[in-house]
Amino acid sequence: MKIDNSINPVTTVSVNDGKRQTGAAPSTGKENGDTSVHISQNAAKMQSADNTTSSGAVVDTARVNEIKQAISEGTFKVNPEVVADKLLETVRELIQSKKGET
């Protein structure tokens, strides 16, 4: 394969080369005095979840410390049946949530 070097480099770029279309400019809402903000349903759910996690402890720190200690001492045992069951449960929940979206 032969490489063609006939492409000329661009040395100058005009400000008007990348003109915006007037119809494509985003609306700021300030033209008519409207300054309200509307958030989507998903954003509202995320905000609600964020408020829930900041108001209460989601993690049992005592349990975390107990597990850390067991790991450092070499006494932590993994129960593969429990891990598999929890993994399947999570997959089922994900499948159900996907079915609910459609």
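Definitions and cut-offs
Residues numbered from 1 in each chain as written. Predicted model: local features only at pLDDT ≥ 70, side-chain atom pairs only at ≥ 80, totals over all residues. Heavy atoms only, no water. Helix = DSSP H or I, 4+ residues; strand = E, 2+ residues; numbered from the N terminus. Buried < 20%, exposed > 50% of the residue type's maximum accessible area, 1.4 Å probe, protein only. Areas by Shrake-Rupley, 256 points an atom, 1.4 Å probe, with all protein chains shown as cover. Salt bridge = Lys/Arg side-chain N within 4 Å of Asp/Glu carboxyl O. Patch = residues over 30% accessible without salt bridge, like charges linked within 9 Å, V, L, I, M, F, W, Y side chains within 5 Å. Lys, Arg positive; Asp, Glu negative; His and termini not counted. Charge placed at Lys NZ, Arg CZ, Asp CG, Glu CD. pLDDT = per-residue confidence, 0-100. Expected span 1.5 Å × (residues − 1). Polar contact = N/O pair within 3.5 Å; in protein donor to acceptor, adjacent residues only side chain to side chain.

Participant: Got a sec to walk through the overall build of the chain? Specific residues and values, please.
Facilitator: Secondary structure summary: the chain contains three helices and zero strands in total. Starting at the N terminus and walking to the C terminus, you meet the elements of the chain as α-α-α. Going through the 102 residues of the chain one by one, you find that 2% of them count as buried. Of the roughly 10,200 Å² of accessible surface on the chain, 55% is carried by carbon and sulfur atoms.

Participant: Explain the pattern of salt bridges to me, using residue names and the numbers behind them.
Facilitator: Summed over all chains, the structure comprises one salt bridge. Among the salt bridges present, the one from Arg63 reaches Glu66, with a minimum N-O distance of 2.8 Å. A residue pair is termed a helical-turn pair when its members lie 3 or 4 positions apart in one helix, as Arg63 and Glu66 do in helix α2 (residues 61–73) at three residues. The exposure class of Arg63 is partly exposed, given its relative accessible area of 41%.

Participant: Tell me about a nonpolar patch on the surface, and name the residues and values.
Facilitator: Together, Ile71, Phe76, Val78 and Val83 make up an exposed nonpolar region whose accessible area comes to about 380 Å². Relative to the helices and strands, Val78 resides in the loop between α2 and α3 (80–101). Take Val78: its relative accessible area is 58%, and that puts it in the exposed class.

Participant: Any chance you could break down a negative patch on the surface for me, citing the residues and the numbers?
Facilitator: Together, Glu81, Asp85, Glu89 and Glu93 line one region of the surface with negative charge. The topology assignment puts Glu81 in helix α3. Under the relative-accessibility criterion, Glu81 is labelled exposed at 52%.

Participant: Give me the lowdown on the confidence of the model for the chain, citing residues and values where you can.
Facilitator: Here the chain averages 77 in pLDDT, and 59% of its residues register 70 or above. At the level of individual helices and strands, the chain shows its lowest average pLDDT in helix α1 (residues 41–55), which scores 73, and its highest in α2, which scores 95.

Participant: Summarise α3; cite the residues concerned and give the values.
Facilitator: Taking 1.5 Å per residue as the helical rise, α3 with its 22 residues ought to reach 32 Å, and the 32 Å between its terminal C-alpha atoms agrees with that figure. Of all 22 residues in α3, zero are buried, a share of ten percent or less. N-cap assignment for α3: the residue whose side-chain oxygen lies 3.2 Å from the backbone N of Glu81 is Asn79.

Participant: Hey, could you go over α2 for me, with residue numbers and the actual values?
Facilitator: The end-to-end C-alpha distance of α2 is 18 Å, a good match for the 18 Å that 13 residues give at a rise of 1.5 Å each. Backbone geometry just after α2 places Gly74 at a positive phi near 80°.

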